[in-house]
Amino acid sequence: MKIISFTMVNNESEIIESFIRYNYNFVDEMVIIDNGCTDSTIKIIRKLIGEGFKITVYDESLEAYNQYRLDNKYLTKIANEKNPDIILPLDADEFLTGNTNPREVLEGLSLDRIYYITWRWYVMTKEDNILETFIPKKMQYCLSKPAWNYSDGTVVTKAIIPVKYYSDMGLTLSMGHHTVFGNDKVKITQLDNLQLAHYRAISEEQLIYKTCCYTIRDIATMENNFETAQRTNQMAIIENGTDMWDAAEESSYGGYPREIEKKPLELSFCKKNDLKIKYSELAHESINNRILYTGREMAVRAYNLERSKKEKKFIKPIILWLDGIRGDECIFPNPSNKLTILTEMYNVRGLVTTTEEIKFLKANYRLIVTPDFVKFLPHEYIVISNNSFENIKKKLINLGLDSAKILSLSEYRKRLGVIKNIYCYITFIPAMTHRIKLYIERNGIKSTIDKIKSRIKR
């Protein structure tokens, strides 16, 4: 039996290694959907891939948070491309557990129905081992009974998806993976021998950075849901100066009564790989940096809105490799004449460099980013125009960029085709004329002429 999990992540560095090392014991493969991580989540995942974990990462960083749409998109994609028998939708704070080995339970399921399981809700207590980096060892107290819906008292469920049955019945996965819908004849069985250990809040620091970063992102989207309200409520608590331990502990309970019991997660079923945490230094980024990176992400999104108004129609945007820097007392971008011409000829959204000192500056009115922020610039390809193509491409691939999207200039022109290339040449003259006009307005005719002469001499 082939079992695959899929998980959408956004800044989960504190828990992602524990999540993968534990749950990988019960699945054959994992799918991770990156919904705009700015922390070390993806770095940790790539290190685990390097260890041999079979994990596929899809980038959805340009999409606003919409778990319902993305979950159903990737559920269908995984079913069609990877042909699993069972798909497990898991959040990054959920750990599959039960009375017996979860893998054995899954392999014993009949594939002619959908299965629901309940949450075993873990909470923060003063008994937590704050020095422990593996989350199920750190937190061992949970609510005395499964989490329930306040509206009607029914237990909160999470779905397990036998793929063929799900497809044949024409079903849809609900927001949060709680239920399925779309066919009144669907057969559903609730399992008592499987649960999901749920770690809603794991530290004071997590409460602060999650709340601050989520509320920043929520402002910039058209989405609004119960989780948005929870984060906004928590933001008010932080701003009011409430003790952060009390606030984090309260958040971990999620509004449920404080009726708890000690119930450590059974780890003896984890025989496929060890549970030793290796990348804790990446997981514990400062709150200041987390908020800074989220602010930069939102600034890049604002840049995209402005840049898109000025771009050529009919051609998808690309990113160019920045081919020059200069400066003694201050490092500064120094694009070649060739790159300047290409920037005005094609639909260039931004430039990429590995020189950290000049990230987020601009050259030729285009934003310069390092490889970790490329995902926030809409682009069809990354185009390298100089003679060191192979070396630069290898460097960018090692930094996590998609090799299929990295092209030489000649390759890019071939993919554009004759008609689009002609269109680019025709629109180049008015684009360059407009740029010169802007320079004259800002610096005067003499400075513009001197600038052109210095460019010609290079």
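Pairing within the open sheet is mixed, and its six strands lie in the order S17-S18-S16-S13-S19-S20. Each end of this open sheet is capped by a strand with a single partner; those strands are strand S17 (362-363) and strand S20 (406-408). In the sheet, S17 pairs with strand S18 (residues 366-369) via two bridges, with the strands oriented antiparallel. Across the sheet, the residue bridging to Ala-363 is Arg-366, located in S18. Across the sheet, helix H11 (residues 287-308) lies against strand S16 (348-352), S17 and S18, angled at about 140 degrees from S16, the strand it touches most. Against the sheet, helix H12 (residues 337-345) contacts strand S13 (318-321), S16 and S18, and its axis sits at roughly 175 degrees relative to S13.

With that out of the way, let us pick up a nonpolar patch on the surface. A surface patch of nonpolar side chains, amounting to about 350 Å² of accessible area, comprises Tyr-65, Tyr-68, Met-175 and Phe-181. Secondary-structure assignment places Met-175 in the loop between strand S9 (172-173) and strand S10 (180-181). For Met-175, a relative accessible area of 36% puts it in the partly exposed group.

The subject of this paragraph is the pattern of salt bridges. Counted by the stated rule, this structure contains 26 salt bridges. Residues Glu-60 and Lys-73 are paired through a salt bridge, measuring 2.5 Å at the closest nitrogen-oxygen approach. Of this pair, Glu-60 sits in the loop between strand S3 (55-59) and helix H3 (67-82) while Lys-73 sits in helix H3, and the two are 13 residues apart along the sequence. Exposure remark for Lys-73: the relative accessible area of 37% places this residue in the partly exposed category.

Here we come to the packing of helix H7 (residues 204-219) against helix H9 (residues 244-253). Between H7 and H9, whose axes approach to 8 Å, the crossing angle comes to 80 degrees. In terms of axis orientation, H7 runs roughly perpendicular to H9. Each of Glu-204, Leu-207 and Ile-208 in H7 lies in contact with H9, whose residues at this interface are Met-244, Trp-245, Ala-247, Ala-248 and Ser-251.

Judged by nonpolar contacts, the single largest core of 70 residues is most densely connected at Ile-20, Leu-88, Ile-160 and Tyr-199. If you look at the next biggest cluster of nonpolar residues, it comprises 24 residues, including Phe-6, Leu-171, Leu-173 and Val-180.

So, on to helix H1 (residues 16-23). An α-helical turn contains 3.6 residues, so any two residues separated by three or four positions project in the same direction. Most of H1 sits inside the fold, with eight of its eight residues counted as buried. Where H1 is concerned, the buried positions are Ile-16, Glu-17, Ser-18, Phe-19, Ile-20, Arg-21, Tyr-22 and Asn-23.

A few words now on the packing of aromatic side chains. Enumeration according to the criterion identifies 17 aromatic pairs in this entry. When the ring of Phe-95 is compared with that of Tyr-199, the centres are 5.2 Å apart and the planes differ by 75 degrees; the resulting orientation is edge-to-face. Here Tyr-199 lies in strand S11 (residues 188-199) and Phe-95 lies in strand S5 (residues 94-98), a separation of 104 residues in the sequence. The class of Tyr-199 is buried, set by a relative accessible area of 1%. A ring pair is formed by Tyr-122 and Tyr-199, whose centres lie 4.9 Å apart and whose planes are at 20 degrees; its orientation type is stacked. Taken together, the residues span a long stretch of sequence, with Tyr-122 in strand S6 (residues 114-122) and Tyr-199 in strand S11 at a distance of 77 residues. Taken individually, Tyr-122 and Tyr-199 each receive the classification buried, so the pair is uniform in this respect. Here the aromatic residues Phe-19, Tyr-22, Phe-26, Phe-95, Tyr-122 and Tyr-199 are joined through ring pairs into a cluster of three or more. When the ring centre of Tyr-253 is taken as reference, the NZ or CZ atom of Arg-258 above it lies at 4.5 Å. Stacked on the ring of Tyr-24, the Lys or Arg Lys-272 has its end atom at 4.1 Å from the ring centre.

Turning to the environment of Arg-217, a few remarks are in order. Turning to its location among the elements, Arg-217 is positioned in helix H7. A relative accessible area of 11% places Arg-217 in the buried class. Each C-alpha atom of the pair Arg-217 and Gln-190 lies 36 Å from the other, and the pair is 27 residues apart in sequence. Excluding its chain neighbours within four sequence positions, the residues that come into contact with Arg-217 are Asn-10, Asn-11, Gly-36, Thr-38, Thr-294, Glu-297 and Met-298.

Basis of the calculations
- Residues numbered from 1 in each chain as written.
- Predicted model: local features only at pLDDT ≥ 70, side-chain atom pairs only at ≥ 80, totals over all residues.
- Heavy atoms only, no water.
- Pairing = 2+ DSSP bridges.
- Helix = DSSP H or I, 4+ residues; strand = E, 2+ residues; numbered from the N terminus.
- Contact = heavy atoms within 4.5 Å.
- Axes fitted to C-alpha atoms, helices over the stretch in contact; angles between N-to-C directions.
- Patch = residues over 30% accessible without salt bridge, like charges linked within 9 Å, V, L, I, M, F, W, Y side chains within 5 Å.
- Areas by Shrake-Rupley, 256 points an atom, 1.4 Å probe, with all protein chains shown as cover.
- Salt bridge = Lys/Arg side-chain N within 4 Å of Asp/Glu carboxyl O.
- Buried < 20%, exposed > 50% of the residue type's maximum accessible area, 1.4 Å probe, protein only.
- Parallel < 35°, antiparallel > 145°, perpendicular 65-115°, else oblique.
- Core = buried A, V, L, I, M, F, W, Y, C linked by side-chain atoms within 4.5 Å.
- Phe/Tyr/Trp six-rings, centres within 6.5 Å; stacked < 30°, edge-to-face > 60°.
- Lys NZ or Arg CZ within 6 Å of the ring centre and 35° of its normal.

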